[in-house]
Structure formats: C-alpha cells, structure tokens
Amino acid sequence: MIGERADIVDQAIAWHLRQSEMAEADWHAFIAWLEADSAHAYAYDRIVLMDHELGRPPELERPHLPIAANDREPAPRRRRGWLWAGGSAAVAAGLAVLAIPLAPVATSQTYVLTTKAGERQDVALADGTRIEVSGGTRLVLDRGDSRVATLESGEATFHVRHDAAHPFTLRSGGITVRDLGTVFNVSRTGAQLDVAVAEGAVMFQPGREALTLKPGNALSAREDLGKVSLSRVDVDLVGGWRSGRLTFAGEPMSSVAATVHRLYGTDLELAPGLSGRPFTGMVRLSGEAGRDVPHLAALVGARWQHDGERWILSPSEPGAR
C-alpha cells in the first residue's frame, strides 16, 4: 500500500509539472487519470495546494483572452518550472507533506487561496476546471469537492468543465451562481457582485430568481440594497483584467481606483469631489503606474500628482489644462 501511495504522489507531481506543455490528447489522459481513482484526484489536489502554499511569484506575462472551455479540455497554462528551484530539499518537503493516507474523506476540506494586490494565480482543479485569480482576491475552495467555490472578495475568471450531473456552483455572500457550461468572470467588492459571461451560460440565484445569463450578458447585484441590474458587454472584454483592458459603466471613481490597486498594487488616492464621480468607458493599462495614472487622469478630466509611493487624482480646476 505504501508503495502504491508513493506511486500516486509521483504521478500527481508529474501531471502538475507537465501542464505548461500538454497537448489536447494529454489533457484527455490527465482527466482519465483523475477519474480512474478518487485517490488520484485527492493526491493532485494536495500537490496543487502545496504549490500555492509555497508562495508562487506573480506571473510576468499577461494572460490571453478567454478561450472556449465548455465541454473541451482547458487550454494549457503558462507555468514556470520554479517548483524545482528549491532543489531536492523542497521536493522532499513536499513529499513529507503528502506522506499521509491518500483516501479522500467525505467531510468538507476547505482551504483559502489569497492573492496580494498586484499578484495573480492560475488554479487547475481536479475536475478540469481552471480559475484565473486576480490580485487582492480571497477564494475558498474544497479539496473534497472541486465543484464548489466561494468568492469572498476580489475577482476571478472561471473556465468550467461542464458536468450536467454535477454543476459547478460559485457562492459569494448570499448569492449563488451555477454553471451551465461556461467561461465567466466574477468580481466582489463590498456588497456588490458583478458577473459577466463570455461563453456558455450561468444561472443567477437558482431556486429563486433563476435568471440565466448568456454570452454578452452582465449582471450587477447589490446585496445591501437588494438591487440587480442587467447590461450587455463585449464577450472579448469579459475578464479583461487579464490583458489590462478594463470596462466601466457608470461606476464611481472609487471603484475604478480600487480595481487598479487590486490589479497592480498601485496606491491611487482620490481627492474629495472625485471619489463619487461616475465613469463610463474602457481603460487600457500597461501595469506601469508612470504611464497609466496620467492616462487615467486624462480620461476622467482630473489632475494627478505623485507623492512618493502614492498617486493622487483631484478634480481639475476650471480652466486648468
């Protein structure tokens, strides 16, 4: 038994490290391996969790726009071979963490994935679902059930592997979103939840409003006000934070500043009179504050100044240029 468990751990590590170079046939083989034995999925989840807990640095490249994912395998992820950088000691430590019985248990095994402002992570779940996590995000996952997740704050793009018998469910506050075969983006800021669909469909509040969102549909829900509003969005801009393309529709400048901080860690302070000003439009960001803050200020008709690590935007004075 011990030898069999060690083999499963080795296989899980091998699958985890290969994913940056896997072709479509490899993804089929990977899913078949996961489904062949519940111990395989359990071991793989442990490997993924260990990887994140080691503190992977943020990606340097900007991910591509959404790729169709419904019933096909998720697209290969860009990953660096940094896991090996720690040498044999890091690998041995990882195996020590996994040197426990591999039989999954029925009880909830939730864990929290958090990202700092300016950090991003790419998560592959055991069922084939892929999640791209933005900075400043807190996401709760379950090693015992990869078909559920809870977004407590921040933003993420979900590429869900569709399974009609076991639909993927995302919860946030008192709101539930259920997958109907989907690529969709969700963001949570305070009491507000925003959902936008790039592919497939999701159901908002199944069992209650049961509102189905299809490609190009976007929804904004304010739990504190009990208010839900619908809008349209270009499917190519869903999850636009991954490529630095941000869209806003009548949102206060305070939300724009919070989004920029979450993505790049830039401290953007708004002077009185500007925080509540609504902004509608698309902003293209490079990730370099020295270029992006002046550009943003020009778009909203504001003045900017740089005070050490802090950028300050304030309303333009009448006649000011």
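Before reading further, recall that the structure is shown in the block above.
Summarised in this report is the structure supplied together with it. Note that the coordinates shown come from a computational prediction; the quantities given were computed from them, not determined experimentally. (Residues numbered from 1 in each chain as written. Predicted model: local features only at pLDDT ≥ 70, side-chain atom pairs only at ≥ 80, totals over all residues. Heavy atoms only, no water.)

On to helix 6 (residues 289–300). For helix 6, with 12 residues, the first-to-last C-alpha span of 16 Å sits near the 16 Å given by 1.5 Å per residue. Its buried side turned inward, helix 6 meets helix 5 (253–264), strand 15 (267–270), strand 16 (278–284), strand 17 (302–307) and strand 18 (310–315). With its phi angle positive at about 70 degrees, Gly301 sits one or two positions after the end of helix 6. (Helix = DSSP H or I, 4+ residues; strand = E, 2+ residues; numbered from the N terminus. Expected span 1.5 Å × (residues − 1). Contact = heavy atoms within 4.5 Å.)

Look at Gln205: it is not a glycine, yet its phi comes out positive at around 55 degrees. Among the secondary structure elements, Gln205 is positioned in the loop between strand 10 (202–204) and strand 11 (211–213). Gln205 sits in the buried class, given a relative accessible area of 6%. (Buried < 20%, exposed > 50% of the residue type's maximum accessible area, 1.4 Å probe, protein only.)

Between its terminal C-alpha atoms helix 5 stretches 17 Å, which fits the 16 Å expected from 12 residues at 1.5 Å a residue. Turning to helix 5, its buried residues number three or more, namely Met253, Val256, Ala257, Thr259, Val260, Arg262, Leu263 and Tyr264.

So, on to the packing of aromatic side chains. Enumeration over the complete set of coordinates arrives at 5 aromatic pairs. Ring centres of Trp15 and Trp33 lie 6.4 Å apart, and the angle between their planes is 40 degrees; on these two criteria the pair is classed as tilted. Of this pair, Trp15 sits in helix 1 (residues 2–18) while Trp33 is found in helix 2 (residues 24–36), placing the two residues 18 residues apart along the sequence. Residue class for Trp15 comes out buried when judged on its relative accessible area of 12%. For Trp33, a relative accessible area of 10% gives the class buried. Note on Phe158 and Phe168: the rings are 5.9 Å apart at their centroids and 50 degrees apart in plane angle, and the pair reads as tilted. Placement of the pair is Phe158 in strand 5 (residues 148–159) and Phe168 in the loop between strand 5 and strand 6 (169–172), with a sequence separation of 10 residues. Exposure remark for Phe158: the relative accessible area of 0% places this residue in the buried category. Aromatic ring contacts, followed pair by pair, group Phe158, Phe168 and Phe184 into a single cluster. (Phe/Tyr/Trp six-rings, centres within 6.5 Å; stacked < 30°, edge-to-face > 60°.)

Moving on, we come to the sheet that holds strand 15. In spatial order, the strands read 15-18-17; together these 3 strands make up an open sheet with mixed pairing. Among the strands making up the open sheet, the edge pair consists of strand 15 and strand 17. This sheet shows a mean twist of 25 degrees between the axes of neighbouring strands, independent of strand direction. Examined bridge by bridge, strand 15 and strand 18 share 4 bridges and lie parallel to one another. In the strand pairing of strand 18, Asp267 is matched with Arg310. Seen against the sheet, helix 5 touches strand 15 and strand 18 and runs at an angle of roughly 170 degrees to strand 15. Contacting strand 15, strand 17 and strand 18, helix 6 crosses the sheet at an angle of about 10 degrees to strand 18. (Pairing = 2+ DSSP bridges. Axes fitted to C-alpha atoms, helices over the stretch in contact; angles between N-to-C directions.)

For Glu199, the location among the structural elements is in strand 9 (residues 192–199). Once the C-alpha coordinates of Glu199 and Gly181 are considered, the two residues, 18 residues apart in sequence, prove to be 7.8 Å apart.

What follows covers the environment of Ser172. With respect to the helices, strands and loops of the structure, Ser172 is situated in strand 6. Note: C-alpha distance between Ser172 and Ala149 (23 residues apart in sequence) is 8.7 Å. Here the side chain of Ser172 touches Leu151 through a polar contact of 2.8 Å, landing on its backbone oxygen. (Polar contact = N/O pair within 3.5 Å; in protein donor to acceptor, adjacent residues only side chain to side chain.)

Here the focus is the nonpolar core. Ile131, Phe158 and Phe184 are the most contacted members of the largest nonpolar core, which totals 27 residues. With 4 residues, the top contributor of residues to this core is strand 5. With residues near it in sequence (within four places) discarded, Phe158 still touches Arg130, Ile131, Leu139, Phe168, Leu170, Thr182, Val183, Phe184 and Val186. Formed by 23 residues, the second largest nonpolar core is a distinct cluster that contains Phe248, Val260, Leu268 and Ala289. (Core = buried A, V, L, I, M, F, W, Y, C linked by side-chain atoms within 4.5 Å.)

Where burial is concerned, most of strand 4 (residues 138–142) is hidden: 4 out of the 5 residues are buried. Judged from the 5 bridges that link them, strand 1 (residues 110–114) and strand 4 form a sheet pairing that is antiparallel. Bridging across to strand 4, Val112 finds its partner in Val140. Pairing between strand 4 and strand 5: 4 bridges, direction antiparallel. From the neighbouring strand, Leu141 faces strand 5, where its bridge partner is Ala149. Where strand 4 folds back onto strand 5 in an antiparallel hairpin, the turn is made up of 5 residues.

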